Amino acid sequence: MEDQEVRFNENHNAFKNKIETIEKVENGDNIFVNNSNLSVGTKIKRAAMTKHLNYTNLNASDIALVNCGLNSILDLTSGSLTNQKFLFTKEEWTQIKNLFPHIAINDSSPRLNRIYRIFKDTNDMSECYWNAKDCQRYASSPKERLGYELIALTLDKMIKHPTIFTLSKPTPSEADIMIKVWADLFEVLFCNTGLYIRWGEKGLITQDDGRTIFKLDAKLVQLFDDEEYPVSCLEFAPYSGPKKIKSDRNKLLVEAKAIYNEVRGLQLSEENKSGLKIVNIQIMGLEAHVASLTLAADNLYVAKTIDSFMIPSTTSQLKEKSESLITQLHQYKVEKNKNHKSIIILAVYFKYC
């Protein structure tokens, strides 16, 4: 009995010392809201460190809060699955969101003026497919050709893999979603861009010690002098269940920070540093969530949603939403090519300096 009491007191004192240590931690971001004495980064980091003391008993939301908080990531993505907003008052959270507003992307996607020719009869999927291929063949520009090719490819997926689009048996696996639906769309989207997609449990390796810190479903890389520079990560799931959403989402945010630090550490110009952001995409069945991460202040990274969209599951829906789908896919391509240009600049710098 006496031994148990001694152990209890020792554990209690150890826990108390850890809390006292956490209460001295400062994040160093100097972002304050509502006259608080603690910076935004300090609040999320201290909360993460406190939760981490009982990590084995945490739920998915708390694990996400810990992973993002320990990495100084402020999660402003749609739904904010880390629940960081509960660390602040409603007024403080509103101020934080106003400090880092969503910035709309200029729409540079192709204009598809022949859509009406594709979907003359939405009940005949095969005819729609061949009409899309004809539009692709006679497109007046590479952008327009790409748009029609993506529509034709989506129709081809509907024809070959109907159960995935109708949510009927057999239930698709993660590999089914990746291989039978999304892989070809991404391959076409990034064809001839200088970015390459590496599929299937690829590691994200830090250059400082060569450790593999993540296993990824896929990553986009820039190749130069036989070296790979990762610029984006993708995670896939066959469904959008709450636990899978949270685990994949916070994993993508931490992955984005790792990529950001790798690229930023390669002596980019100040102009390229200021515009640098990492865009990752989370796939859940036919649904996609695109999020960006950037360094918003000293040691404070901010993650925001760029867009969320779904691949239509019927020809009627595709007819109605095809132009918006192409725009949304094209946004991801444009954002990745911005970072791709930055990496080319740094590669040329090292080649000639």
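Look up: the structure comes first, before these words.
Keep in mind it's a predicted model, so treat the numbers as computed, not measured. (Residues numbered from 1 in each chain as written. Predicted model: local features only at pLDDT ≥ 70, side-chain atom pairs only at ≥ 80, totals over all residues. Heavy atoms only, no water.)

Draft legend 1. Region of interest: the pairing of strand β5 (residues 278-284). By the criterion of burial, β5 is predominantly enclosed, with seven of the seven residues buried. Every second residue of β5 is oriented toward a common face, with Ile278, Asn280, Gln282 and Met284 on one face and Val279, Ile281 and Ile283 on the other, all of them buried. Pairing analysis gives four bridges linking strand β4 (residues 227-237) to β5, with the strands arranged parallel. Residue pairing in the sheet places Leu234 in a bridge with Ile281 of β5. Bridge count between β5 and strand β6 (residues 287-297): seven bridges; the pairing is antiparallel. The residue of β6 that forms the bridge with Met284 is Glu287. The hairpin formed by β5 and β6 contains two residues between the paired strands, and Gly285 there has a positive phi angle of roughly 65 degrees. (Buried < 20%, exposed > 50% of the residue type's maximum accessible area, 1.4 Å probe, protein only. Helix = DSSP H or I, 4+ residues; strand = E, 2+ residues; numbered from the N terminus. Pairing = 2+ DSSP bridges.)

Draft legend 2. Inspection of the pairing of β6 at higher detail. One ladder, built from 10 bridges, connects β6 with strand β7 (residues 300-310); its direction is antiparallel. Note on β7: the bridge partner recorded for Leu293 is Ala303.

Draft legend 3. Examining empty space enclosed by the protein more closely. Evaluation of the coordinates by the stated rule reveals one cavity of 30 Å³ or more. Lining the largest cavity are Arg249, Leu252, Leu253, Ala256, Asn280, His289, Ala291, Ser292 and Leu293. Counting only elements with at least two residues in the lining of the largest cavity, the list comes to α10 (242-264) and β6. By residue class, the composition of the lining of the largest cavity is five nonpolar, three polar and one charged. (1 Å grid on protein atoms, 1.4 Å probe; cavity = no way out; pocket = protein on both sides within 12 Å on 5 of 7 lines; lining within 4 Å. Points joined across faces, edges and corners; volume = space filled by probe spheres on them. Nonpolar A, V, L, I, M, F, W, Y, C, P; charged D, E, K, R; others polar.)

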